[in-house]
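# Close look at the chain arrangement
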Amino acid sequence: MARDYAARCPRSPGRNAWMVAALIILAAQGVVAQKVRVEEELEAYPTESVDLRCEFVDGGSLTKLTQVSWIWEPVDGQRDNIAVYHPTYGQSFPNVAFKDRVIFLQNNLRIPSIRIKDLRMSDAGRYTCEYATYPSGNEQGTTTLIMLAKPKNSAKAVTVQAGSKSVMVAHCEAADGKPAATIKWLASVGGNHSTSSTNGPDGTVTVRSEYRLVPTAEDNGREVTCLVDQKTQDRPWTEVLKLSVEYPPTVTIDGYDHNWYVGRSDAVLFCHATANPEPTTITWTTASGSLPDTVVVEQNKLTVRKVDDAVNTTFTCEVKNKHGASRKTLTTFVIEEKREPVQEQQTGALVGGVFGTIIFIGIIIGIVFLVRKYQQDTEGPPKHKPPPPVKAGSSTEMLNKPSEPPTATETVPLSPGEVYYEPTGGEPVTMLDEEATDALNGGAPPVLNKDGSDGHHGNDSSNHGPSSGNIPRGESFVSTPMYV
C-alpha cells in the first residue's frame, strides 16, 4: 500500500530538499556530539578526589580549538565556570568555592581533564567540558557527578516503665547518608515501628526509626535488632539491643521444708525478688511485728538458730525499689519430733527395679517356651499315639459290659436288628448288620481267622478281646472300646 501511495503521489522538489537538509543537520549533530568525549556519570565520596576526563576527537577535520572551559551546574539554571584553559593565556580558576581544589591534569587543549580534590557533598551536579572552536562554534560534553555519603548509624534501647500504653522502647538512626538509608527491625516481642527522614542542606538524608510496644516485666532483657541498608555499605549494618523495662519487685519465699521440730538448729528461709532496678531494701517481720530473739537476718536470708514455739508464726518479707514495694508471707509450724524424710527416690528406684526384673524374667521364659515348642514341632516324635489294633469282627463286644465274666450259653443265631437277652439277666444286646459292623471298624472289612471264620464263636471268650498277635500287618485298626 505504501508503494502504491508513493506512486500515486509524486514528490515535489522542495519537499525532497527539506528532507535532505534535516538528515544533514541530524548527522552533523551526531558528529558534534561525538567530538567531545566524556564519562556520563561518576560517583564519589566526601574528602576524596575525582578525575573528570575530557577529550576532543575531531576525526582528522580542520576544526580549530580556541579554548576550553569546565562549567559546573549544581542545579538547573545555575552555571558557574570553575576552570578555563587557553593555549596562550594559560589556566584560570574563577570560582572561589573550587579555588585550590581544582587542577588540570596536563596542559593540553585536546585533553583538558581536571581533578577535584577534597570533595564536598555540595560538589554534586553536572560538569560540562565546553570547547570554543572555529568554524563550528561551541562543542561540549557533560558528566554527572553523584556524591555518596556513608550514613552514621546508631541504635539505642530506651529505659521505660511497665505499663498499659504503647511507648518507644528503642530507636535506630542512619544520619547524613546519601542516598537515603532503609531501616528494618527484627524482634521476638510484639510491637511496631515508625520511620521518618530529614533532608540536610548538603543533600544528605537522615533516617530515624522508633520501635514501640506496651512494655511488661517479661519484656525486660528481650532483644530487638536494627538493620540499616544503604548503597554505600557492603552489607546491612546491624545492632542488637536489649530492652530495659523497669517494674516493681515480685517476691517469693523458699527454704521451708515443713520439718521445723523443737530443738532444730539453723533453719533457713530465703526471700527472692525480681525487680528492675534492683531492690533497695529487704525487710523481714512476723505477725507480731518484731522477730524472735533466736532469729538472725542477713540481707535476704533469715536463719533460726534454734527452733522453739516462738517461731511458730507467720513471716513476712517486704522488698522495695523506686517503683514500689511488694511483700510475701509464709506461715511456719513447729512440731514436737523430727520427721524422717521419705526416701521417695530410692523407693521408686527399688520398685522400678523389681518390675523391670519381673518383665525381664517373663521375656526369657517366653523365649525358652517358643524355642522348645519350635523344636518339638520340627524334630520331635508324632503328637498322637496310634490306637491299639482290634479285629474288625468284634464290634458286638462294644455293646456288652465286661463287669461280669461271660457265661456259657447256647448259641442262638440272630438276625440283624433282633434283641438278645442274656440268661443271667444282663442288658439286651442288639445285633448289628454288616454295614454297622463296617462302620465300627473304620469302614474296613471284617478280619478272618486262619480257618476262614469271621471270629464269632458264640460266647467264646476269644470274642471279648483281640489278640495283637493274630492281627496281620496292614489291617485296619480301631481304638479299644471304653466300657462304662
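First, a word on scope: everything that follows refers to the structure included in this document. Source: prediction; values computed, not measured.

### Here's the deal with the overall build of the chain
Scanning the chain from N- to C-terminus turns up 4 helices and 30 strands. Looking at the chain as a whole, 29% of its 484 residues qualify as buried. Contacts spanning at least 24 positions in sequence make up 60% of the contacts within the chain whose residues lie at least 6 apart. Per element, the accessible surface of the chain, about 31400 Å² overall, is 53% carbon and sulfur.

### Focus: the nonpolar core
Judged by nonpolar contacts, the single largest core of 29 residues is most densely connected at W70 and Y127. Sort the elements by how many residues they give to this core and strand β5 (residues 64-73) lands first, with 4 residues. Among the nonpolar cores identified, the runner-up in size contains 20 residues, and A170, A181, I183 and Y211 belong to it.

### Some details on the state of the cysteines
As used in these notes, a disulfide is a covalent bond between sulfur atoms, one from each of two cysteines. Inspection of the entire model under this criterion finds 3 disulfides. A sulfur-sulfur separation of 2.1 Å characterises the disulfide bridge that pairs C54 with C129. Between C54 and C129, the disulfide has an S-S torsion of -80 degrees and is therefore left-handed. A residue pair is termed long-range when its members are at least 10 positions apart, and C54 in strand β4 (residues 54-56) and C129 in strand β10 (residues 125-134) qualify at 75 residues. Owing to a relative accessible area of 0%, C129 belongs among the buried residues under this scheme.

### Here's the deal with the pattern of salt bridges
In total, this model carries 18 salt bridges according to the counting rule given. A salt bridge links R208 to E210; its shortest N-O distance comes to 3.8 Å. Look at E210 and you get partly exposed, because its relative accessible area is 22%.

### Quick word on the environment of W284
Of note, W284 is situated in strand β23 (residues 281-286). The buried category is assigned to W284, whose relative accessible area is 6%.

### Examining the sheet that holds strand β9 (residues 114-116)
Read across the sheet, 3 strands follow the order β3-β9-β8 without closing on themselves; strand pairing throughout is antiparallel. Of all strands in the sheet, those with a lone pairing partner are β3 (50-52) and β8 (102-104), marking the two edges. Along the sheet, successive strands turn relative to each other by an average axial angle of 25 degrees, direction set aside. Across 3 bridges, β8 lies against β9 in antiparallel orientation. Considered in β9, the bridge of F104 is made with I114.

### Looking at the packing of aromatic side chains
Throughout the structure, instances matching the rule amount to 9 aromatic pairs. Ring geometry for W72 and F98: centres 5.0 Å apart, planes at 75 degrees, overall edge-to-face. Taken together, the residues W72 in strand β5 and F98 in the loop between β7 (90-92) and β8 connect sequence positions 26 residues apart. Judged by centre distance (5.5 Å) and plane angle (50 degrees), the ring pair of W185 and Y211 falls under tilted. Taken together, the positions of W185 in strand β15 (residues 182-187) and Y211 in strand β17 (residues 205-213) put the pair 26 residues apart, joining distant regions of the chain. Relative accessible area serves as the criterion here: at 11%, W185 is assigned to the buried category.

### Regarding the pairing of strand β25 (residues 301-306)
Across 5 bridges, strand β22 (residues 265-276) lies against β25 in antiparallel orientation. Each residue of the ladder has a partner; that of F270, found in β25, is K301.

### Here we look at the sheet that holds strand β14 (residues 167-177)
Strands sit in the order β12-β14-β17-β16 across an open sheet of 4 strands; the sheet is antiparallel. Across the chains shown, the open sheet's two edge strands, defined by having one partner strand only, are β12 (152-157) and β16 (192-199). Adjacent strand axes in the sheet meet at a mean angle of 15 degrees, parallel and antiparallel pairs treated alike. For β12 and β14, the ladder comprises 6 bridges, and the chain directions are antiparallel.

Cut-offs and rules
Residues numbered from 1 in each chain as written. Predicted model: local features only at pLDDT ≥ 70, side-chain atom pairs only at ≥ 80, totals over all residues. Heavy atoms only, no water. Helix = DSSP H or I, 4+ residues; strand = E, 2+ residues; numbered from the N terminus. Buried < 20%, exposed > 50% of the residue type's maximum accessible area, 1.4 Å probe, protein only. Contact = heavy atoms within 4.5 Å. Areas by Shrake-Rupley, 256 points an atom, 1.4 Å probe, with all protein chains shown as cover. Core = buried A, V, L, I, M, F, W, Y, C linked by side-chain atoms within 4.5 Å. Disulfide = S-S within 2.5 Å. Salt bridge = Lys/Arg side-chain N within 4 Å of Asp/Glu carboxyl O. Pairing = 2+ DSSP bridges. Axes fitted to C-alpha atoms, helices over the stretch in contact; angles between N-to-C directions. Phe/Tyr/Trp six-rings, centres within 6.5 Å; stacked < 30°, edge-to-face > 60°.

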